[in-house]
Amino acid sequence: MIYSSSEVIQLLVLGACFALALVRALRIRTAAWTEVACFFACMFLGNVYWYGYLAVFGDTPGVSYISELSWIAGDVFLLMLLAECDQVRGLIAPVRAAWIPVAVCAVCCAYYIYANGHPLLNLADNGLVAALGFFAVRGLAARPDDGPGTPGRSFAFNRFLHGAVLAFVVVEQVLWLSSLLDPTADFAVYGIANYALTLSYAAILAAAWRSREL
């Protein structure tokens, strides 16, 4: 199987994002930037194994627990960042819209389990993505002028970052759904979603670049 352009571009973008985030983390040395760098490291390494398998064996590894665990770890690092941001903001009024991504991910998870099984893997993937969506919406609802330190420089009140994470959540679900519609991954929606996922990775780094403190 030959790589599609969306896969090659995504691997290159993830490699660049990891390198830039790592340099930033080594310079600034904060927990937030370490989590960003680890997020990109896990996503990049998961893709390296996936596409490496494709290059050697000429086919995708199907359900690859090596790649899946790497991607799950990446989601955990990103979730750690958003959860810490939520703690920094302190108590805010309930955001009912934050439960919308949770509900959507729950429905999608049930469908994935019905369609292809793997309940534990689907629960882990969708549970983490649902949590990311929940905290992303809460971050979008927060007021940026209430952040600690220099206004506009805090991860906790960076609406662009939370918007990029929410876009990442939406695109992930579209990608997973489209892969079930056409397991050969040649479906047009899958390719478009894969390009959108690449853009969401770049957007997360670009948005995080605006912030230095949690």
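The structure reproduced in this document is the subject of the present report. (Residues numbered from 1 in each chain as written. Predicted model: local features only at pLDDT ≥ 70, side-chain atom pairs only at ≥ 80, totals over all residues. Heavy atoms only, no water.)

### Considering the packing of aromatic side chains
For the structure shown, the criterion picks out 13 aromatic pairs. Measuring from ring centre to ring centre gives 6.2 Å for F39 and Y201, while their planes differ by 50°; the resulting arrangement is tilted. With F39 in helix α2 (residues 31-57) and Y201 in helix α7 (residues 188-208), this residue pair connects regions lying 162 residues apart in the sequence. For F39, a relative accessible area of 0% gives the class buried. Ring centres of Y112 and W176 lie 6.1 Å apart, and the angle between their planes is 85°; on these two criteria the pair is classed as edge-to-face. On the criterion of sequence distance, the pair formed by Y112 in helix α4 (residues 99-116) and W176 in helix α6 (residues 159-181) is long-range, its members being 64 residues apart. Residue Y112 shares its accessibility class with W176, and that shared class is buried. Taken together, the aromatic side chains of F39, F40, F168 and Y201 make up a single cluster linked through ring pairs. Cation over ring: R24 sits above W209, and NZ or CZ is 4.3 Å from the ring centre. (Phe/Tyr/Trp six-rings, centres within 6.5 Å; stacked < 30°, edge-to-face > 60°. Helix = DSSP H or I, 4+ residues; strand = E, 2+ residues; numbered from the N terminus. Buried < 20%, exposed > 50% of the residue type's maximum accessible area, 1.4 Å probe, protein only. Lys NZ or Arg CZ within 6 Å of the ring centre and 35° of its normal.)

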